[in-house]
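What follows is the residue order along each chain.
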Amino acid sequence: MEVIKIIETDDTPGVILDKENNNFEIWGRSLPEDVNSFFEPIISWFEEYAENPNDKTVLNVKMSYFNTASSKILLDIFVALEDIFETGKDVLVKWFYPADEDDMKEAGEEYEEMIEIPFEHIAYNK
Amino acid sequence: MEFKINTVQGFLNHVYRFYKSQKNFEINILYEGKITHQITKAFISLTEADLEDKEEPDEVRRKIFHVMVESLQNITKHAGPDGETGETEKGRGIFVVSKEENCYRVITGSITSAENADKLSKMLQKINALDAAGLKEMYKQQIRGGGKLSEKGGAGLGFIDIARKTENPLDFSIQEIGEDGNVFFIIAIKINNNK
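Residues numbered from 1 in each chain as written. Chains lettered and ligands numbered in written order. Predicted model: local features only at pLDDT ≥ 70, side-chain atom pairs only at ≥ 80, totals over all residues. Heavy atoms only, no water.

A short note on unusual backbone geometry
Which entries qualify depends on this criterion: Helix numbering and strand numbering both begin at the N terminus, where a helix is a DSSP run of H or I of at least 4 residues and a strand a DSSP run of E of at least 2. Each residue is placed in one exposure class: buried if its accessible area under a 1.4 Å probe, protein chains only, is under 20% of its type's maximum, exposed if it is over 50%, and partly exposed if it falls in between.
One non-glycine residue, Asn22(A), adopts positive backbone phi at about 55°. With respect to the helices, strands and loops of the structure, Asn22(A) is situated in the loop between strand E2 (14–18) and strand E3 (23–30). With a relative accessible area of 39%, Asn22(A) lands in the partly exposed category. Positioned with a positive phi, Glu167(B) is a non-glycine residue whose angle comes to about 55°. Mapped onto the elements, Glu167(B) comes out in the loop between helix H6 (155–166) and strand E4 (171–179).

See the structure below:
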């Protein structure tokens, strides 16, 4: 399956989606000019991946900022993972947040409340 | 803050008079014109640098950053009167960041149709009437797609989130401009910085 590697910029996040090496990551800032066109290939990738996923999928999310349009897209990604989880495969979201940023911590907890997949919340020092 | 103005010019005069009359009021940014993504990014980095110089706490800086992103992107995506004649006015607006004694204020104003203004003011009133738990519930409904507002990327979510993060009501004002059903819509968001 195609590997997605997107380099982080000041308004779009870095993304790695690599099925073969079992590496799934998204990090950085997300406030794209056109949120739908930036994330469309990523959402499509997850839809294709969901048809034949690995036995265990761990998505590392380490955002420093995301706008509300991006927060909706993040939920779409988690919903795609939820579909995989519901087929009995192992799925985990590792939500990294700066130890002193309660709002980023709470954002992770709210996603966990909305989605039926396991989350691990990991504080880090900037 | 009260707004008694009729036009963009009136707004700018108002801001200037207010500025002159207040000791503890300073304007960080005052802009009128087309708001593009590049301008949004420029304003954000200017303000970030300024807040760093002023040694504002991280939490306050993050809130102002977020309110600026959401407010400016709202104008880029949604501002403008109805109809083809209004094409040149699309994405235009005024944008002000001011500092008062215990708060910052991010103010946006733009022309929109009376119909849109009506929808927007109903939504803002609804948001302002809710407590933290109510806002959280509304946010969850909106993000799940229960209330999809536009394909441009849900404006509703932005205001709910701003209300949650600033914990202040969203002040707004509608001014008639006497142009075929269009009005000038102003939203002023207060971000506390008293610790």
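That covers the picture; the talk isn't over yet.
Quick look at the environment of Ser45(B)
Looking at the secondary structure, you find Ser45(B) in helix H2 (residues 37–53). Owing to a relative accessible area of 41%, Ser45(B) belongs among the partly exposed residues under this scheme.

Some remarks on the sheet that holds E2(A)
All names here are of chain A. The condition that has to hold: Whether two strands pair comes down to DSSP finding at least two bridges between them. For every element, the axis is a line fit to its C-alpha atoms; helices are fit only across the contacting stretch, and the angle between N-to-C directions ranges from 0 to 180 degrees.
Across the sheet, six strands lie side by side as E1-E2-E3-E4-E5-E6; this open sheet has mixed pairing. Among the strands making up the open sheet, the edge pair consists of strand E1 (4–6) and strand E6 (119–124). Sheet twist, expressed as the mean angle between neighbouring strand axes with direction ignored, is 15°. Where E3 lies against strand E4 (residues 56–66), seven bridges are found, and the strand directions are parallel.

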